[in-house]
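# Working through the structure, step by step
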Amino acid sequence: MKKGVLRCGHVQIRVLDMAEALEHYRDRLGLIEMNTDDQGRVYLKGWTECDKYSVILREADEAGMDFMGFKVDSDEHLDALKQDLIDFGCEVDELPAGDLADCGRRMSFVAGTGHRFELYADKEQTGRWGVGHHNPEAWPENLKGMKATRLDHCLLYGEDLESTFKLFTEVLGFWLTEQAMDGDMRIAQFFTCSMKEHEIAFIKSEGNTGAFHHASFYLESWQDVLHAADIISMHDISLDIGPTRHGLTHGATIYFFDPSGNRNETFCGGDYFFPDHPVTTWDAAQLGKAVFYHSRELNDRFLSVTT
């Protein structure tokens, strides 16, 4: 049942060196730097995003993800979801407006996989960067690097996929779009609350709690994915794999690492979703083809490296 959650709204990523991270996310990935708060956190956005930011960088001693936020359509739904989370057994922390720059109050909680999530209803909107919403041009002429259009999703590794499945489907109102099964055990699960194929995904990883696999950024075309590969080579960015295609979601993709070791993805295409669509299922024996459709095999780095 739809609960008022609109979309993936933001992710806060820990980086080891802010200057290096900004060069990567702003100049290479092509996000737009918006502002810095009094804690030194830097806020960025993709040029098509209406909200003021979708990526927050925080300098820390250890790389990884602090939290991922989802936007809710009203304060009324935010309050209802808070109670639903409490009834489900989550401990919910309410953070005041302004704790995150230009963002309203947030409800923060931890899923069974050990990842922290939050819900919010209000964030300042600055509109599509460089073109606006009145007689807009096709795209801004001064974009940098890979020209990332938006934060699309995050993939997370954890152990307790079952309770997280119930949290996202029964409490938050997401739909399961795609899964990988090992017999009766779900080892991968992809969720959406929109027409996108997924806003968030989880992979089962024994002994791994709260692990961040990657943040993904949407590009407009396969040519843009190839352009991203050129940027990666030109600037000696650490490449994971690609360009290639997924079987899961059918998106064209390339994976690489920021200077702190956090994995990024840029991709284009991919499936769309309506609530009456059947769940797409992959067998565990076909997982290599599901993730990397062309080579049909997983590399060790993709399976084991998280932050």
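Right above here is the structure, for reference.
To start, this report covers the structure provided alongside it. Given the structure is predicted, the values throughout are model-derived calculations rather than measurements. Position numbers for residues count from 1 along each chain, tracking the sequence in the order it is written. For a predicted model such as this one, the threshold for reporting local features is a pLDDT of at least 70, and the threshold for listing and counting side-chain atom pairs is 80 or more; totals across whole chains, interfaces and linings nevertheless cover every residue. With hydrogens and water stripped out, all remaining heavy atoms of the structure feed into the side-chain values.

### Structural notes on a negative patch on the surface
Patch definition: residues above 30% relative accessible area lacking any salt bridge, with like charges linked at up to 9 Å and the nonpolar side chains Val, Leu, Ile, Met, Phe, Trp and Tyr linked at up to 5 Å. Here the accessible surface of atoms and residues is derived via Shrake-Rupley with a 1.4 Å probe, and residues count as covered only by protein chains that are part of the display. Salt bridges are counted wherever a side-chain nitrogen of Lys or Arg sits within 4 Å of a carboxyl oxygen of Asp or Glu. Counting rule for charge: Lys and Arg are taken as positive, Asp and Glu as negative, and neither His nor the chain ends is counted. Where a charge lies is defined by one atom per residue type, namely NZ (Lys), CZ (Arg), CG (Asp) and CD (Glu). On the surface, Asp 17, Glu 20, Glu 59, Asp 61 and Glu 62 cluster together into a patch of negative charge. To qualify as a helix, a DSSP run of H or I must reach at least 4 residues; to qualify as a strand, a run of E must reach at least 2; elements of each kind are numbered from the N terminus. Mapped onto the fold, Asp 61 is located in the loop between strand S4 (55-59) and strand S5 (64-72).

### Quick look at unusual backbone geometry
For the peptide bond that leads from Gly 242 to Pro 243, omega is 5°, which places it in the cis range. With respect to the helices and strands, the residue Pro 243 is situated in strand S14 (residues 239-245). Positive phi, normally seen in glycine, also occurs at Asp 236, with a value near 55°. Within the secondary structure layout, Asp 236 lies in the loop between helix H4 (222-234) and S14. Exposed residues in this analysis have more than 50% of their type's maximum accessible area, buried residues have under 20%, and partly exposed residues fall in between, with area computed by a 1.4 Å probe over protein chains only. The exposure class assigned to Asp 236 is exposed, which follows from its relative accessible area of 70%. Positioned with a positive phi, His 250 is a non-glycine residue whose angle comes to about 65°. Looking at the element boundaries, His 250 is found in the loop between S14 and strand S15 (251-257).

### Considerations on the nonpolar core
Judged by nonpolar contacts, the single largest core of 61 residues is most densely connected at Phe 70, Phe 117, Phe 168, Leu 172 and Ile 200. Throughout, a residue-residue contact means that at least one pair of heavy atoms, one from each residue, lies within 4.5 Å. With residues near it in sequence (within four places) discarded, Phe 168 still touches Phe 70, Phe 117, Gly 173, Phe 174, Phe 191, Ile 200 and Phe 202. In this description, a nonpolar core means a group of buried Ala, Val, Leu, Ile, Met, Phe, Trp, Tyr and Cys residues linked to one another through side-chain atoms lying within 4.5 Å. With 17 residues, the next largest nonpolar core counts Ala 180, Ile 187, Leu 248 and Val 291 among its residues.

### Examining the packing of aromatic side chains
Pairing of aromatic rings covers Phe, Tyr and Trp, the last counted by its six-membered ring, and requires centre-to-centre distances within 6.5 Å; plane angles under 30 degrees mean stacked, over 60 mean edge-to-face, and any other angle means tilted. On inspection of all chains with the given rule, the structure shows 18 aromatic pairs. With centroids separated by 4.6 Å and ring planes inclined at 65°, the aromatic side chains of Tyr 43 and Tyr 53 adopt a geometry described as edge-to-face. Of this pair, Tyr 43 sits in strand S3 (residues 42-45) while Tyr 53 sits in the loop between S3 and S4, and the two are ten residues apart along the sequence. Neither residue differs from the other here; Tyr 43 and Tyr 53 are each classed as buried.

### Details of the environment of Gly 4
By the secondary structure assignment, Gly 4 is in the segment before strand S1 (5-15). The exposure class assigned to Gly 4 is buried, which follows from its relative accessible area of 5%. Distance from Gly 4 to Asp 66, taken between C-alpha atoms, is 24 Å for residues 62 residues apart in sequence.

### Focus: helix H1 (residues 18-28)
Taken residue by residue, H1 has Met 18, Ala 21, Leu 22, His 24, Tyr 25, Asp 27 and Arg 28 as its buried positions. One or two positions beyond H1, positive phi appears at Gly 30, with a value near 95°.

### Remarks on the sheet that holds S1
Whether two strands pair comes down to DSSP finding at least two bridges between them. With mixed pairing, eight strands are arranged side by side in an open sheet as S2-S3-S4-S1-S5-S8-S7-S6. Either end of the sheet is taken by a strand with one partner, and the two such strands are strand S2 (32-36) and strand S6 (93-95). Geometrically, the sheet is characterised by an average inter-axis angle of 25° between neighbouring strands, direction not taken into account. Of the pairings in the sheet, the one linking S2 to S3 comprises four bridges and is antiparallel in character. For Ile 32, the partnering residue across the bridge sits in S3 and is Lys 45. Convention adopted: a line fitted to C-alpha atoms gives each axis, helices being fitted over their contacting stretch, and angles between N-to-C directions are expressed from 0 to 180 degrees.

### Remarks on the side chain of His 24
Take His 24: it is sitting in helix H1. Look past the residues within four positions of His 24 in its chain and what remains in contact with it is Leu 29, Ile 237, Phe 256, Phe 257, Asp 258, Pro 259 and Asn 264.

### Concerning the pairing of strand S8 (residues 116-120)
By the criterion of burial, S8 is predominantly enclosed, with four of the five residues buried. Sheet topology places S5 next to S8; four bridges connect them, and they run parallel. Bridge pairing in S8 links Gly 69 to Glu 118. Relative to S8, strand S7 (residues 106-110) runs antiparallel, the two sharing five bridges. Bridge pairing in S8 links Phe 109 to Phe 117. Turn length for the S7-S8 hairpin, with the two strands adjacent in sequence and antiparallel, is five residues, and the turn residue Gly 114 shows positive phi of about 90°.

### What about the packing of helix H2 (residues 75-88) against helix H3 (residues 161-171)?
It is the contact of H2 with H3, at a shortest axis distance of 11 Å, that shows an interaxial angle of 145°. Regarding H2 and H3, the two cross each other, and that crossing is right-handed. Here Leu 81, Asp 84, Leu 85 and Phe 88 of H2 come into contact with H3, specifically with Ser 163, Lys 166, Leu 167 and Val 171. When its residues are assigned to classes, the contact of H2 with H3 shows five nonpolar, one polar and two charged. Left-handed describes a crossing in which the near helix is turned anticlockwise from the far one by less than a right angle; the clockwise case is right-handed. Each residue is assigned to one class: nonpolar for Ala, Val, Leu, Ile, Met, Phe, Trp, Tyr, Cys and Pro, charged for Asp, Glu, Lys and Arg, and polar for all the others, Gly among them.

### Examining the pattern of salt bridges
Applying the stated criterion across every chain, the model contains 26 salt bridges. The partner of Glu 94 in a salt bridge is Lys 82, with the nearest N and O atoms 3.0 Å apart. With Glu 94 in strand S6 and Lys 82 in helix H2, this pair connects stretches of sequence that are twelve residues apart. The shortest N-O distance in the salt bridge between Asp 240 and Arg 301 comes to 2.9 Å. Of this pair, Asp 240 sits in strand S14 while Arg 301 is found in helix H6 (residues 300-304), placing the two residues 61 residues apart along the sequence. Look at Asp 240 and you get buried, because its relative accessible area is 5%. Through salt bridges that share partners, Asp 75, Asp 79, Lys 82, Glu 94 and Arg 105 make up one connected network.

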